[in-house]
Amino acid sequence: MTVRGPAGRQMHLAALAHSGPRADGSAPDGTPWLAFSSYERFARTAERGLFDFLLLAGGRLPREHEGRVPDADARGPEPVTVLGALAAVTERLGLAATVDATSGEPDGLARRLATLDHLSGGRAAWQVVTSADAVTDENFRRATAQFTVPRSPQGHPVLIAAGDADEDRESAAARADVVCCDPGFGVWPAAGRAFSVDVKCRLEKYGRAPDDLKVMPAVGVVLGDTPAEARERAAELIEAGERPCFVGTPEAVAAELDAWVRQDAADGFVLVPHTGPGGLDEFVDRVVPLLQERGAFRTEYRGATLRSHLGLPAPARKD
């Protein structure tokens, strides 16, 4: 295995699966996303590709307020529950849930995430999102009960931040382990590097080192046997205004991804498949081997926890 120095470090890879309103894709055999077999297939493919983690996005739950239940965007299964089931059919893959921090009791959410971290052997992560819905969130501001779940093998779940606004960058620098950004830039490394440099320059005032935060933009990938075929497929799959996308042959896409990491534009990527549960297979089968040949991606998991995959230090104890 090729081992890279600081100037050519290996990248991190994750994959996004939807459990909410966009969970309407299906496999070629017609299996819908909401079937557990779809989540299992997606997770097993990500683990076969040696990905750092799977990120399961979901909507928030509707809550009662003054006798009414406001509309909400939760149409799929609850992410932590699904990931608990996936912990039983995977061994090394990190399991990350997107959960709104302001639409549930803090102690209940903490227990769910800590339990997932234990059940998975230290592979859990939480993508923290918050809501501006004051009507709903006023229901969840009571004092928390004493937290009694013991520390997991990785200390506590990995914290994933999202967003590109200045306050999002500052929050990521202060406390996140990973920042999953979608700033809308194209596939040119310069803009990505500007984001990465900006957020990592903020770490020092919080007593943190640059490698304590991994910058992983959310991107799409469309492959073809020729550049023309890839462009044709992209025209069919990509909506107007969608997130940045790498389009080309497997060799070209592998080279572009590698270039981003070499130029400090990212530490890795969160892949967002354009099709249903089988949308990750082509990348794992055709691009991952090329990244490994370049020495740009791991050929085996070196540890058992998500923090070990990401090369993150163990969190300091506060007790």
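Scoring rules and cut-offs
Residues numbered from 1 in each chain as written. Predicted model: local features only at pLDDT ≥ 70, side-chain atom pairs only at ≥ 80, totals over all residues. Heavy atoms only, no water. Helix = DSSP H or I, 4+ residues; strand = E, 2+ residues; numbered from the N terminus. Buried < 20%, exposed > 50% of the residue type's maximum accessible area, 1.4 Å probe, protein only. Contact = heavy atoms within 4.5 Å. Axes fitted to C-alpha atoms, helices over the stretch in contact; angles between N-to-C directions. Parallel < 35°, antiparallel > 145°, perpendicular 65-115°, else oblique. Left-handed = near helix turned anticlockwise from the far one by under 90°. Nonpolar A, V, L, I, M, F, W, Y, C, P; charged D, E, K, R; others polar. Polar contact = N/O pair within 3.5 Å; in protein donor to acceptor, adjacent residues only side chain to side chain. Pairing = 2+ DSSP bridges. pLDDT = per-residue confidence, 0-100.

## Considerations on the overall build of the protein chain
- The helix and strand tally for the protein chain stands at 11 helices and 10 strands.
- Taking all 319 residues of the protein chain together, the buried fraction comes to 49%.
- Sequence-distant contacts, at least 24 apart, represent 77% of the contacts inside the protein chain between residues at least 6 apart.

## Topic: the environment of threonine 249
- Here threonine 249 is to be found in the loop between β9 (245-248) and α8 (250-262).
- Those residues in contact with threonine 249 that lie beyond four places of it in its chain are Leu223, Gly224, Asp225, Thr226 and Pro227.

## Some points on the packing of helix α2 (residues 79-86) against helix α3 (residues 106-119)
- The geometry of α2 relative to α3 is characterised by a closest axis approach of 10 Å and an angle of 15 degrees between their N-to-C directions. By the angle between their directions, the pair α2 and α3 is classed as roughly parallel. Every pair of crossing elements has a handedness; the one defined by α2 and α3 is left-handed. Across from Val80, Leu83 and Gly84 in α2, the residues of α3 making contact are Arg112, Leu113 and Leu116.
- Across the contact of α2 with α3, the residue classes tally to four nonpolar, one polar and one charged.

## Quick look at unusual backbone geometry
- For leucine 50, which is not a glycine, the phi torsion comes out positive at approximately 65 degrees.
- Relative to the helices and strands, leucine 50 resides in the loop between α1 (36-48) and β2 (53-57).
- Taking the relative accessible area as the measure of exposure, leucine 50 reaches 12% and is therefore buried.
- Of note, aspartate 264 is a non-glycine position whose phi angle comes to about 60 degrees, a positive value.

## A look at the side chain of threonine 98
- Inspection of the secondary structure assignment puts threonine 98 in strand β3 (residues 94-100).
- Within polar-contact distance, the side chain of threonine 98 engages the side chain of glutamine 127 at 2.7 Å.

## A short note on the pairing of strand β4 (residues 124-129)
- Across six bridges, the pairing between β3 and β4 is parallel. In the strand pairing of β4, leucine 95 is matched with alanine 124.

## Structural notes on the confidence of the model for the protein chain
- When pLDDT is averaged across the protein chain, the result is 83; 76% of the residues are at 70 or more.
- Mean pLDDT across the elements of the protein chain ranges from a minimum in helix α4 (residues 134-137), with 48, to a maximum in helix α10 (residues 288-293), with 98.
- Every residue in residues 60-65 is under pLDDT 50, and counting partners more than four places away or in other chains gives 26 contacts.
- For the stretch residues 69-74, pLDDT sits under 50, and the model shows 16 contacts to residues farther than four places along the chain or on other chains.

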